[in-house]
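One letter stands for each residue in the lines below.
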Amino acid sequence: EANYNQMVTFHRLNTLQSDDILVFARPDQPEWGFGPEVSNDGRYLAMVVSQGTDTRNRFFYKDLQTDGKVIELIPDLEAAYYFIGNDGPVFYFQTDCEAPKSRLIAIDITRPEPSNWKTLIPEASDTLESVTIINNQFISIYLHNAHELIKIFSLDGTPFGEIELPALGSVTYGYASTLAGRRADREMFYLFHSFAHPVTVFRYDFEAGKSEVIFKPSIQFDFSPYVTRQVFVTSKDGTKVPMFLVHRTDLKLDGQTPTLLYGYGEINI
């Protein structure tokens, strides 16, 4: 059955649902869905307003300190806007507005006109997949040649280095970022997995600049003799296509070893 007429309500624990207080609803827009969250400072109710499966969204907010009305900061369905956090009236968003590979912007809600929006992390050659504020820094996941990187930026957008990962692989799982930590934390947790590296939980210490294993699955297989390499193959139209090779470190690379090829799309051998 179609999911229509969503609403945002305030519910106190151990009370009846019938006692919930209506915060926001748009009966004139039955297809709208709401993703509410309270800002880290507790002042604002931030709402991503979706419509069906469209990747674009609107964004509304409400000042909880003054119990003001809901403000339609981004009223049109023009691009994707993911609320990352805020410093007072300055809201941070990851967006693909005028940036197909995504960028990070700051919007001062006291001067909300698009002409006043500020780009903190500009669009790059690699796709910006997600941004999280941990250790009072922007921790960003990028997709680079079909594997992921974690980069650090200060709150003004200044690059602050990269977190070294164990191998070529991924820190997202099921299309979602696995970076975990609060804004003031001095540590971060994440999952890492790759072709020859099972899903493992790591803890990153920002002060030491190092990661350590917190948990790894007990698998009766020794992965240590295996390595993952990346090479590039040139297609007929000249496009360089990334390809990963997983093999034993002692494999003789003489072109005589049978190889299993796996990929998306059509492969002609």
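See the structure shown above.
Residues numbered from 1 in each chain as written. Predicted model: local features only at pLDDT ≥ 70, side-chain atom pairs only at ≥ 80, totals over all residues. Heavy atoms only, no water.

Trainee: Explain the overall build of the chain here, please?
Mentor: Secondary structure assignment for the chain yields zero helices and 21 strands. Principal-axis analysis of the C-alpha atoms gives the chain an extent of 70 × 45 × 40 Å. Relative to its full complement of 269 residues, the chain shows a buried share of 34%. Taking all contacts inside the chain whose residues are at least 6 apart in sequence as the whole, residues at least 24 apart take part in 31%. Entry remark: accessible area of the chain is about 16,900 Å², with carbon and sulfur atoms responsible for 52%. The distance from the centre of the 23 positive side-chain charges to the centre of the 35 negative ones in the chain is 4 Å. (Helix = DSSP H or I, 4+ residues; strand = E, 2+ residues; numbered from the N terminus. Buried < 20%, exposed > 50% of the residue type's maximum accessible area, 1.4 Å probe, protein only. Contact = heavy atoms within 4.5 Å. Areas by Shrake-Rupley, 256 points an atom, 1.4 Å probe, with all protein chains shown as cover. Lys, Arg positive; Asp, Glu negative; His and termini not counted. Charge placed at Lys NZ, Arg CZ, Asp CG, Glu CD.)

Trainee: Help me understand the sheet that holds strand 7 (residues 81-87), please; the structure alone is not making it clear to me.
Mentor: Whether parallel or antiparallel, the strands of a sheet pair through hydrogen bonds between backbone atoms. Across the sheet, four strands lie side by side as 7-8-9-10; this open sheet has antiparallel pairing. Of all strands in the sheet, those with a lone pairing partner are strand 7 and strand 10 (118-121), marking the two edges. Taken pair by pair, the neighbouring strands of this sheet meet at an average axis angle of 30°, ignoring direction. Alignment of strand 8 (residues 90-95) against strand 9 (residues 103-108), held across six bridges, turns out to be antiparallel. Among the inter-strand pairings, V90 is bridged to a residue of strand 9, identified as D108. (Pairing = 2+ DSSP bridges. Axes fitted to C-alpha atoms, helices over the stretch in contact; angles between N-to-C directions.)

Trainee: Would you mind going over the pairing of strand 5 (residues 58-63) with me for this structure?
Mentor: Looking along a regular strand, one sees side chains alternate from face to face of the sheet. When you tally the buried positions in strand 5, you get six out of six residues, the bulk of the element. Burial along strand 5 is two-sided: the face carrying R58, F60 and K62 and the face carrying F59, Y61 and D63 are both buried. Note that strand 4 (residues 44-51) and strand 5 share six bridges and pair antiparallel. Looking at strand 5, one finds that V48 is bridged to F59. Counting the residues between successive antiparallel strands, the hairpin from strand 4 to strand 5 contains six residues, one of them, G52, with a positive phi of roughly 60°.

Trainee: Would you mind going over the environment of V213 with me for this structure?
Mentor: Tracing the backbone through its elements, the reader meets V213 in strand 19 (residues 210-215). Distance in space between the C-alpha atoms of V213 and R103 is 31 Å, their sequence separation being 110 residues.

Trainee: It is not clear to me how the pattern of salt bridges should be interpreted in this structure. Could you clarify?
Mentor: Two side chains carrying opposite charge are able to pair once their charged atoms lie near each other. The tally for this structure, following the rule as stated, stands at 11 salt bridges. The partner of K62 in a salt bridge is D67, and the shortest N-O contact between them spans 3.1 Å. The exposure class assigned to K62 is buried, which follows from its relative accessible area of 11%. Between E212 and R203 there is a salt bridge, and its shortest N-O distance comes to 3.0 Å. For E212, a relative accessible area of 39% puts it in the partly exposed group. (Salt bridge = Lys/Arg side-chain N within 4 Å of Asp/Glu carboxyl O.)

Trainee: Is there a simple way to explain the sheet that holds strand 5 in this structure?
Mentor: Strand order across the open sheet formed by four strands is 3-4-5-6, with antiparallel pairing between neighbours. The sheet is open, and its two borders are formed by strand 3 (32-38) and strand 6 (71-74), each paired with just one other strand. For this sheet, the mean inter-axis angle between neighbouring strands, taken without regard to orientation, is 30°. Both strand 5 and strand 6 contribute to a ladder of three bridges, which runs antiparallel. What sits directly across from Y61, in strand 6, is I71.

Trainee: What is the right way to look at the packing of aromatic side chains in this model?
Mentor: Aromatic ring pairs are reported here in terms of the distance separating the ring centres and the angle at which the planes meet. Using the criterion set out here, one finds 21 aromatic pairs in the structure. Feature note: the residues Y44, F59, Y61, Y81, F83, F91, F93 and W117 constitute an aromatic cluster, connected by ring pairs. Here the basic side chain of K151 rests over the ring of Y142, its NZ or CZ set 5.0 Å away from the ring centre. Taking NZ or CZ as reference, R248 lies 5.6 Å from the ring centre of Y226, over its face. (Phe/Tyr/Trp six-rings, centres within 6.5 Å; stacked < 30°, edge-to-face > 60°. Lys NZ or Arg CZ within 6 Å of the ring centre and 35° of its normal.)

Such coordinate-based values are descriptive only and should not be taken to indicate function.
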